[in-house]
Amino acid sequence: MDWRAMVRLTGAGLVALGGIGVVAALFVPWSWAGLAKDPPDTTTWVVILALVPVTSAGMALLAMRRDDATATRLEVARGGGALSARTTADNSPTAGRSIGAPLTAAGAALLAGGIATVVLLDITPDEGIRAGGPLTVLACAATAAGWLLLLPIRRRSPLLPARRTPPLLPIRRTPPRRAPIPIAAASAVLLLVGLGAVPAVGWYTEGRFVRHTTSTALPALPSAPPSQLDRYRWQASSDPFRLIVEPVTAGRHVIVPEGGGVRALDAVTGRPLWSYERDDVTRDEDLAGVVVTSDGLMTVLSYHFFTGALVVALDTVTGQERWRRELRMSPVAGLPRLVDGGEVLLLDNTALGGELVALNRRDGLPLWRWSTAKLENGCREVATAVAVAGPVAALLAGCRGRPEADMVIALSTTDGRQRWTWRPPVSAGTRPLGLELPIHSAGDRFWVAYSRTSADEKTATRSAALLNADTGAMTAEHPLPSEQLEHYRFPLVADDTIIYPGEPAIGVDLATGRVRWKQRMTELAGWAPIDAVSRDGIAYLLLGPAEDAADDPARPALLLLALDVATGQVRARQPYDPSGCGSSCGRNTTARLMTGPGLLVVGSLEKDGTRLRGIG
């Protein structure tokens with residue numbers, strides 16, 4: 001095999017590949033912010049374009065002209081003139097190939113690569129690095145390497161004198177034959193270079209920011225209520241909980257937010273299973289949402305980037321990445337919250353006047369977008385919350401400074417079309433005070449709370465309405481029974497009962513809005529509800545010290561109650577204070593109560609930080 005021919009062919013291929021790559025990469029986004037000022041700017045774009053493809057094309061044409069001139073002089077060598085022609089060609093500075101053109105083109109490509117590298121390093125990770133920058137740098141490097149391979153290779157040592165013996169026969173220039181082996185070898189090298197660029201770009205734009213571990217699937221366990229509320233089965237440390245990102249459970253998996261990602265624990269043993277964390281988010285708040293789909297098969301994370309959102313779907317059982325999707329969104333519309341929409345995933349960016357985006361669960365592709373600019377009340381500064389019941393997504397839009405404009409808008413989760421709107425009823429002699437966040441789904445209904453005041457503003461009442469998800473008709477209305485119902489996690493909808501924890505605790509029929517039971521519980525004196533879950537006809541309430549409760553060192557940090565959903569009777573009462581810190585641990589307003597197979601999972605603030613414990 002003629003290795004010199006292979007080197008020349010490889011060099012020419014790298015030059016061509018690099019030039020095409022630079023042109024293509026300059027038209028690919030360098031970041032996914034989606035702004036006109038995204039790098040590179042026009043000057044940088046023109047300079048790189050001139051230094052690589054334009055310079056390479058010019059140097060190639062110049063080298064071809066010099067080679068043609070050398071070949072012409074050699075053609076003159078016939079008969080007795082062969083010796084003088086050969087001597088002239090050997091001593092000419094343009095004999096064979098010149099080193100000036102390759103070196104100039106290689107230097108220009110290296111300079112362009114340096115400029116591209118400086119611009120690329122100036123892009124911060126939270127702007128979302130795209131493939132354009134690293135592709136440009138790699139293409140510049142390939143072009144420079146190709147031109148260096150095209151430097152002339154001498155066939156004899158420069159230390160040996162040139163032969164002066166005249167040839168026996170006149171010199172005749174014959175066109176070189178392209179052997180198939182050098183061509184195949186050069187093609188293989190170019191193919192490897194092209195294939196190697198794919199993982200290199202993937203690592204720079206994504207892989208270097210992700211720390212990801214997976215696990216094998218665990219056997220499923222039947223759902224069962226906890227047998228002993230005073231037995232601690234395991235414990236694990238956790239980052240402090242935040243209101244918008246909290247731990248969730250799915251079967252025997254507990255998904256815990258941690259840093260810039262999540263960690264999955266076995267709900268039965270507390271053993272770590274898998275984790276996913278990103279280093280390109282600069283603040284903890286950039287992890288904006290964690291939700292487990294209704295079937296428990298997929299855990300979805302949403303990240304807030306500069307003018308965009310990144311949504312990552314993971315297999316709940318193994319932690320394997322299923323898909324990843326980047327979305328352009330308004331930079332001033334708040335954090336992209338996640339809502340499980342059944343057949344779709346909803347990315348809620350409407351908190352400060354943005355968009356609601358529906359994503360396909362299979363691949364994360366956007367199905368439709370709805371903007372708050374479509375609000376009928378003309379309000380632009382809105383406070384919103386989203387809930388889903390069946391194929392309907394209801395968005396509660398509170399208009400700041402204009403409570404009479406507050407409304408609920410229902411959209412089809414299939415195509416995003418508006419289905420109905422609802423505003424709180426106003427009776428004679430009253431004035432609306434607006435809707436209250438959040439909105440909850442309750443079976444095939446939506447639960448919303450609103451308040452109004454008398455004309456003289458001396459008395460105010462709070463009411464709850466149940467709206468039919470399909471038509472928006474108010475099927476039931478009842479007064480809110482407790483001023484303690486200000487926590488965003490309440491009320492608790494258990495089976496066909498709405499439970500309002502308080503003193504007394506009240507159970508309301510979901511269908512009619514009538515009070516089913518009312519139970520006065522001395523256990524609630526000095527306590528405020530924090531979280532609640534239900535299973536198999538039992539509602540479990542997690543209580544913490546009330547804000548106005550006296551500081552009592554003997555009071556446990558938390559209190560756990562088990563209520564019968566049908567009657568409201570207290571089945572069990574268990575103080576929860578595993579670290580013995582009592583009220584000194586703080587009010588624990590973000591404590592979390594979750595269910596697992598045969599146990600409950602409690603997350604709370606303890607002496608040595610936030611901890612999760614399995615009890616039952």
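Residues numbered from 1 in each chain as written. Predicted model: local features only at pLDDT ≥ 70, side-chain atom pairs only at ≥ 80, totals over all residues. Heavy atoms only, no water.

Draft legend 1. Structural context of the sheet that holds strand β20 (residues 445–454). The four strands lie next to each other as β19-β20-β21-β22, forming an open sheet whose pairing is antiparallel. Single-partner strands in this sheet number two, and they are β19 (430–442) and β22 (474–479). Shown here is a sheet whose adjacent strand axes are inclined to one another by a mean of 25°, direction ignored. As defined by bridge partners, β20 adjoins strand β21 (residues 460–468) across nine bridges and the pair is classed as antiparallel. Counted as the bridge partner of Trp447 is Leu466 from β21. (Pairing = 2+ DSSP bridges. Helix = DSSP H or I, 4+ residues; strand = E, 2+ residues; numbered from the N terminus. Axes fitted to C-alpha atoms, helices over the stretch in contact; angles between N-to-C directions.)

Draft legend 2. Here's a closer look at the packing of helix α4 (residues 100–121) against helix α5 (residues 132–149). At a closest axis distance of 8 Å, the pairing of α4 and α5 adopts a crossing angle of 165°. Taken together, the axes of α4 and α5 are roughly antiparallel relative to one another. α5 is crossed by α4, and the crossing has left-handed handedness. Touching Ala101, Pro102, Leu103, Ala105, Ala106, Ala109, Leu110, Ala112, Gly113, Ala116, Thr117 and Leu120 of α4 are Gly133, Pro134, Thr136, Val137, Cys140, Thr143, Ala144, Trp147 and Leu148, all from α5. Considered class by class, the residues forming the contact of α4 with α5 number 16 nonpolar, five polar and no charged. (Parallel < 35°, antiparallel > 145°, perpendicular 65-115°, else oblique. Left-handed = near helix turned anticlockwise from the far one by under 90°. Contact = heavy atoms within 4.5 Å. Nonpolar A, V, L, I, M, F, W, Y, C, P; charged D, E, K, R; others polar.)

Draft legend 3. Examining the confidence of the model for the protein chain more closely. Here the protein chain averages 81 in pLDDT, while 81% of its residues score no lower than 70. Taken as a whole, residues 77–96 scores under 50 in pLDDT and shows 26 contacts with residues more than four places along the chain or in a different chain. Throughout residues 156–162 the model reports pLDDT below 50, and contacts reaching past four residues in sequence, or to other chains, amount to two contacts. (pLDDT = per-residue confidence, 0-100.)

Draft legend 4. The arrangement of α5 in detail. Its 18 residues place the ends of α5 26 Å apart at the C-alpha level, agreeing with the 26 Å of an ideal helix rising 1.5 Å per residue. Three or more residues of α5 are buried, namely Gly132, Gly133, Pro134, Thr136, Ala139, Cys140, Ala142, Thr143, Ala144, Gly146 and Trp147. (Expected span 1.5 Å × (residues − 1). Buried < 20%, exposed > 50% of the residue type's maximum accessible area, 1.4 Å probe, protein only.)

Draft legend 5. Structural context of α4. Here α4 contains 22 residues, and its C-alpha end-to-end distance of 32 Å stays within 8% of the 32 Å for a straight helix at 1.5 Å per residue. Here α4 has its buried residues at Ala101, Pro102, Ala105, Ala106, Ala108, Ala109, Ala112, Gly113, Ala116, Val119 and Leu120. Seen from one end, α4 has its buried residues packed into an arc of 160°, which puts them on one side. Residues of α4 that are exposed and angled more than 90 degrees away from the buried face: Leu110, Val118 and Leu121. (Arc of directions from axis to C-beta.)

Draft legend 6. Geometry of the sheet that holds strand β14 (residues 366–371). Overall, antiparallel pairing links the four strands, which are arranged β11-β12-β13-β14 in an open sheet. Lying at the two open borders of the sheet, with one neighbouring strand each, are β11 (337–341) and β14. Each strand axis lies, on average, 20° off the axis of its neighbour in the sheet, ignoring direction. The pairing of strand β12 (residues 344–348) with strand β13 (residues 355–360) spans five bridges and is classified as antiparallel. Each bridged residue has a counterpart across the sheet, and for Leu347 the counterpart in β13 is Val357.

Draft legend 7. Region of interest: the environment of Pro219. Turning to its location among the elements, Pro219 is positioned in the loop between β1 (210–213) and β2 (232–237). Taking the C-alpha atoms as reference points, Pro219 and Arg252, separated by 33 residues in sequence, lie 9.0 Å from one another.

Draft legend 8. Fine view of the packing of aromatic side chains. Taken as a whole and assessed by the stated rule, the structure comprises five aromatic pairs. Relative to Tyr576, the ring of Tyr232 has its centre 5.9 Å away and its plane inclined at 85°; by these criteria the two rings are edge-to-face. With a gap of 344 residues between them, Tyr232 in strand β2 and Tyr576 in strand β30 (residues 570–576) connect regions that are remote in the sequence. According to the relative accessible area criterion, Tyr232 is partly exposed, its value standing at 36%. (Phe/Tyr/Trp six-rings, centres within 6.5 Å; stacked < 30°, edge-to-face > 60°.)

Draft legend 9. Focus on the nonpolar core. Grouped together as the largest cluster of nonpolar side chains are 22 residues, with contacts concentrated most on Ile255, Val290, Leu301 and Tyr303. Contributing elements (two or more residues each) for this core: β3 (248–250), β5 (261–266), β6 (272–278), β7 (287–292), β8 (298–305) and β9 (308–315). Listed in part, the 20 residues of the second largest apolar core include Leu375, Val388, Ala393 and Ala397. (Core = buried A, V, L, I, M, F, W, Y, C linked by side-chain atoms within 4.5 Å.)

Draft legend 10. Spotlight on the environment of Ala557. Looking at the element boundaries, Ala557 is found in the loop between β28 (538–545) and β29 (558–564). Distance in space between the C-alpha atoms of Ala557 and Leu543 is 8.9 Å, their sequence separation being 14 residues.

Draft legend 11. Just the pattern of salt bridges, in detail. Under the defined criterion, the tally for this structure stands at 24 salt bridges. Glu258 is the partner of Arg263 in a salt bridge, and the nearest nitrogen-oxygen pair spans 2.8 Å. Among the residues examined, Glu258 registers a relative accessible area of 23% and is labelled partly exposed. (Salt bridge = Lys/Arg side-chain N within 4 Å of Asp/Glu carboxyl O.)

Draft legend 12. Representation of unusual backbone geometry within the structure. Cis rather than trans, the peptide bond between Leu437 and Pro438 has omega equal to 0°. Take Pro438: it is sitting in strand β19. A positive phi angle is found at Asp495, which is not glycine, with a value near 55°. Tracing the sequence through the fold places Asp495 in the loop between β23 (492–494) and β24 (497–500). Note on Asp495: relative accessible area 57%, which makes it exposed.

Draft legend 13. Quick look at the pairing of β19. In the sheet, β19 pairs with β20 via nine bridges, with the strands oriented antiparallel. Bridge pairing in β20 places His440 opposite Trp447. Hairpin remark: β19 followed by β20, antiparallel, with two residues in the connecting loop; positive phi at Gly443, about 65°.

Draft legend 14. How the structure looks around the side chain of Asp266. Note on placement: Asp266 falls in strand β5. The class for Asp266 is buried, based on a relative accessible area of 2%. Within polar-contact distance, the side chain of Asp266 engages the side chain of Arg252 at 2.8 Å. Excluding anything up to four places from it in sequence, Asp266 contacts Leu218, Trp234, Arg252, Arg271 and Leu273. (Polar contact = N/O pair within 3.5 Å; in protein donor to acceptor, adjacent residues only side chain to side chain.)

Draft legend 15. How the structure looks around the environment of Thr293. Tracing the sequence through the fold places Thr293 in the loop between β7 and β8. When its relative accessible area of 3% is taken as the criterion, Thr293 is described as buried. When the C-alpha atoms of Thr293 and Arg361 are compared, they prove to be 9.1 Å apart, with 68 residues separating the residues in sequence. Apart from the residues lying within four places of it in its own chain, the contact partners of Thr293 are Met298, Val300, Asp340, Leu345 and Arg361. Of the polar contacts made by the side chain of Thr293, one reaches the side chain of Asp295; its length is 2.7 Å.

Draft legend 16. Quick peek at the pairing of β22. Two strands pair when backbone bridges link them, and β21 and β22 are joined in this way by five bridges, in the antiparallel orientation. Each bridged residue has a counterpart across the sheet, and for Ser463 the counterpart in β22 is Pro479. Here β21 folds back onto β22 in antiparallel fashion, the turn holding five residues, of which Gly472 has a positive phi close to 85°.

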